[in-house]
Amino acid sequence: MERGLLDTLTTVQTAHGSQTPSPDLATARRRRRAREVRGLIGRRIAVALPLLVLISMGLFVLAQASPFDPLVGYLGDRYPLTTPEQRQSMREVLRLDQPWWAGWLAWASDLVSGDLGHSRSYAMPVSAVLAERLPATLLLSAAGLAVALLLSLLGALIAALNPGSVLDRATHALATFLQAVPPFVLALAAVTVGAITLGWFPAGGATPVVGPTTALTTVHHLILPALVLGLSQMPWLLLSLHAEITTALASDPVRAALARGLPWPGVVVGHVLPPALAPLVTLVGVRLPELIVGAALVEEVFAWPGVAAAMVTSARTLDMPLLAILTVASTATVLLGSLLSDLGYLALDPRVRIDD
Amino acid sequence: MLSRFSRRACLAGALLTLSLMGCTAQPLPATSGSEIVLADAYELGGYNPVSGYGELGVSPLYDGLMRLDSAGDEALPAFAPALAMEAPIPNADSSVWSVPLRQGVTFHDGTPFDGADVVATYNAVLDPGSASEIASAFAMIAEVSSSRTATGETVTFTLAYPYADFPSRLLLAIAPSERLTGGPAAESSLNREPVGTGPYRLSELTADRAVFTANPHYWAGPPQVSKVTTVYLPDDNSRVQRVAAGEFDGTILPPALARTFTSKPGFGIESAHSADWRGVSLPADVAFTRDPQVRLALNHAVDRQAMVDTVLAGYGEVAHTPVSAVYGDAFDPAAVFPYDVDKARSLLAGAGWSPGPDGVLVKGTDRAAFTVAFRPTDSVRRDLATAFAADMLRVGVEVTLAGLDFDKIEPRVRDLGILLGGGDKPFSLDTQVYAALHSPLPGTALWDNPGQFSTPARDAALDQARRTLDPERRTSLYRQVQADYLTDPSYVFLVFLEHTYAVRDSTWQRAPVTIEPHSHGVNWGPWWNVASWTR
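This one's a predicted model, so the numbers in the text were calculated from it and none came from an experiment.

Trainee: Explain the pattern of salt bridges residue by residue, including any values.
Mentor: Residues and elements named next belong to chain B. Scanning the entire structure with this criterion turns up 29 salt bridges over all chains. Where R394 meets D391, a salt bridge forms, and the shortest distance between an N and an O atom there is 3.3 Å. One end of the pair, R394, and the other, D391, are both in helix α9 (residues 379-394), 3 residues apart, so they sit about a helical turn from each other.

Trainee: Any details on the sheet that holds strand β5 (residues 96-100) of chain B? Residues and values, ideally.
Mentor: Residue and element names in this part refer to chain B. Taken in spatial order, the 4 strands make up an open sheet running β4-β5-β7-β6, and their pairing is antiparallel. Across the chains shown, the open sheet's two edge strands, defined by having one partner strand only, are β4 (89-90) and β6 (141-148). Here β6 runs beside strand β7 (residues 153-159); their pairing, made up of 7 bridges, is antiparallel. Counted as the bridge partner of S146 is V155 from β7. Lying over the sheet, helix α2 (residues 115-126) contacts β6 and β7, oriented at roughly 165 degrees with respect to β6.

Trainee: Help me get a handle on helix α11 (residues 264-286) of chain A, residues and values and all.
Mentor: Residues and elements named next belong to chain A. Between its first and last C-alpha atoms α11 spans 32 Å; for 23 residues at 1.5 Å apiece the expected length is 33 Å, and the two agree. Remark: the principal bend of α11, roughly 50 degrees, maps to L273, with a proline, P274, within the next four residues. Those residues of α11 not exposed but buried are V267, V268, V272, L273, A276, A278, L280, V284 and G285. Tucked inside the fold, the buried residues of α11 contact α6 (126-161), α9 (215-249), α10 (252-259), α12 (288-301) and α14 (320-348).

Trainee: Go over the interface of chain A and chain B with me, naming the residues and quoting the values.
Mentor: For interface size, the figure often reported is the accessible area lost on association. Of the residues lining the interface, 51 residues belong to chain A; the matching set on chain B comes to 58 residues. Buried surface at the junction of chain A and chain B, summed over both partners, amounts to about 4,400 Å²; 60% is from carbon and sulfur atoms. At the surface where chain A touches chain B, the tally comes to 2 salt bridges. With its nearest N and O atoms 3.3 Å apart, the salt bridge here joins E132 of chain A to R192 of chain B. Viewed at the interface, chain B and chain A are joined by 2 residue pairs in polar contact (both at pLDDT 80 or more). Secondary structure elements with two or more residues in the side of chain A that touches chain B: α3 (70-75), α4 (84-93), α6, α8 (183-197), α12 and α13 (307-317) of chain A. Considering each element in turn, the side of chain A that touches chain B owes the most residues, 7 residues, to α8 of chain A. Of the residues contributing to the side of chain A that touches chain B, the split by class is 30 nonpolar, 14 polar and 7 charged.

Trainee: How would you explain the packing of aromatic side chains if you had to name every residue and give the values?
Mentor: Each aromatic ring pair is characterised by the separation of its centres together with the angle its planes make. A full pass over the atoms with the stated rule returns 24 aromatic pairs over all chains. Both rings, one in Y79 of chain A and one in F406 of chain B, keep their centres 5.7 Å apart while their planes meet at 10 degrees; by these two values the pair is stacked. With Y79 of chain A in the loop between α3 and α4 and F406 of chain B in helix α10 (residues 406-409), this residue pair bridges two chains. In textbook terms, an aromatic cluster arises when at least three aromatic residues are bridged by ring pairs, as seen for W97, Y122, F138, F157 and F166 of chain B. Seen from the ring of Y79 of chain A, R87 of chain A lies directly overhead, with NZ or CZ sitting 4.0 Å from the centre.

Trainee: Outline the sheet that holds strand β16 (residues 366-367) of chain B, supporting the account with residue identities and numerical values.
Mentor: Residues and elements named next belong to chain B. Strand order in the open sheet made by the 3 strands is β14-β15-β16, with antiparallel pairing throughout. The open sheet terminates on both sides in strands that have one partner only, identified here as β14 (354-355) and β16. Here strand β15 (residues 361-363) runs beside β16; their pairing, made up of 2 bridges, is antiparallel. By the bridge assignment for β16, K363 is matched with D366.

Rules used throughout
Residues numbered from 1 in each chain as written. Chains lettered and ligands numbered in written order. Predicted model: local features only at pLDDT ≥ 70, side-chain atom pairs only at ≥ 80, totals over all residues. Heavy atoms only, no water. Salt bridge = Lys/Arg side-chain N within 4 Å of Asp/Glu carboxyl O. Helix = DSSP H or I, 4+ residues; strand = E, 2+ residues; numbered from the N terminus. Pairing = 2+ DSSP bridges. Contact = heavy atoms within 4.5 Å. Axes fitted to C-alpha atoms, helices over the stretch in contact; angles between N-to-C directions. Expected span 1.5 Å × (residues − 1). Bend = angle between axes of the 7 residues up to and from the residue. Buried < 20%, exposed > 50% of the residue type's maximum accessible area, 1.4 Å probe, protein only. Buried area = accessible area lost by both parts, 1.4 Å probe. Polar contact = N/O pair within 3.5 Å; in protein donor to acceptor, adjacent residues only side chain to side chain. Nonpolar A, V, L, I, M, F, W, Y, C, P; charged D, E, K, R; others polar. Phe/Tyr/Trp six-rings, centres within 6.5 Å; stacked < 30°, edge-to-face > 60°. Lys NZ or Arg CZ within 6 Å of the ring centre and 35° of its normal.

Below you can see the structure in the form of structure tokens.
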């Protein structure tokens, strides 16, 4: 009986693994896959472009409906020193008095011709604001995501391989705790411990206050914020990974592999992780917005010179060229993230089909 | 939503900070040699004089025609010539001012400084196309012109009306005419790439850091502090932590946080007096506050010292009029409304206001009640407004508080009391008091004297003072203004703020601090004149 099952499994596996499709069939499959991928990308773009246009228009509508007067932000404490007539002339010069559609049209036509416009709140071209701040945000987000993936993978594996153990319960408790703690509290705690008490890391900024900026100083400044961002994004990754790994561990292939006496590390790498990691690709893509928001909060506490601060400033002062491009870019990032994760899923799992 | 969140964030941060202040490491030497590093709470960039940067001549990058010459923050600074060769020369009725220019000065980019630069800078401020935030302060200028003379060059300001305090308008930072090319000031390249004649030039500017390096060709000699680095750190608690960790030589802090440095070895607190007042304007269209006896009573009903002690953590002075002690002889020490609740009650009773059924005073159908608006993002104004309302309730006056931003207050300006701030240009007593106390004139901002209360005698004294060049005559006129105000106050002035800074000990001989305007940051405080530091 036992012998029979193993035989069957072995046969199935051999059949699956050794079945080399004929060259023609493989080419045809690849072609169909490529066609599917092109179709997917095309459809997504067809949805994304009108969506981005609508979102940017919506932003201009909301800005006009907003109770904030952009001149309050522009003049600040000098607002009461000006007469209504002076303010009206400023509105005309700064083009704050035009209806939303005129403002949107001007912005959109500039954008199409490659001009991102001028940021009133930073008194510099929008392209310069982005060039200065975008790399910092990308670096922090990428590092944070890497930390989150690494930690959650380790935690989920340890917990899933030792179900019911102290480690398992501790991992879950930690994940729940971290999910409950707001990122800014985590950030302040990290500053207090890592920068003040221990003095190992700088408390904020991306570059040393004095002296040259090198790769080493950047990494030194990156560690604390990336760790905090990673920890704040870890819980949902860890919990879903844990569920996937537990499912995978209980699956027939794994039980069979173990029954055949394959060593644990080999089983984990060859049989547990591949099916458990595939859904993660989708998950990361879909949760990108959360990463962006998390990065914004962490950037604030660590005075990280990224786009989050620019977003808050531009929203408060209704600095439309900057606010609009940041909004459109974050939307595009989310759409791109979900597209990439779908493509990744397609690449990872040949069984996945695209619904036309 | 965001503000509530950030307030909570600040609270959490403050608690963490306070609890951990004790266990921080000893300050490390952050800089060696002749550099200093500061943390600022305000955004970097925006170095365009047309937008108001260096409006009072305090800037490492630029010079004005005149500069401040301070002997400390107890008295108003004198004006000394900077890009001017000597003090400005007025005509008989102070409506035309001639300023001989310093010769041989060059801008950071090597171009020579001349009268065309002065004319271009003032014209750019006055040009409506610049949308300059400070244009209203220079509204008295009708024409600026420059002319060559046998000995050099002279700039002539022709004013629309006689103005004796005009030298205070000569502090404005001067930019090169080549860079003043029209268009909105907010879009000028000067904001990010400033070119001035000042002791420092901007050598690096990123989102979080500005580096000022000494100008070796500075006309007054190169400064000894060779490099000043300013790091933008908006979060108060982060600044406390990083200054305590020894990363910075100093920063600006709210009084309560600055106090945490009192017991910290290696650090000190510097505070600077300001003419930055806070007070409550009284509504023009509320029957209760239209009564002069009532306004007098309200002035006796507020406990100003308690506000200084609690709201300002001791860093401030009481204000009874907009004239503070820093104005020297022009300040009348007797111009005070002593805190006297009984006197306030009897004045109110004498004016016919008696307690109604709910304890709030009434007179006929009128209730002793009004609303005070304050800018909700400013916690000091909020706390002062709260304290004011509590003091009013004690004498049977009901004050409702409303957190409203400027644009929401303005349409209701005649119906609201407003917690106002003033003192943006303290170096001119005329600017400090004229708009606030004079009855409204055509073309003035609605916020100048929102209550619109004044007396003909007060208006006359204010008008005469701004036209009078003789200092003694001016002094006596301003004393008349204060004496008149005592009999018929138009506001309830509350406090003058002090600005507080945490400073790391050093061997530098610092220049004395100066009276500060409303705006501040590490451009002011102990560093306002860092170019003159020696050791």
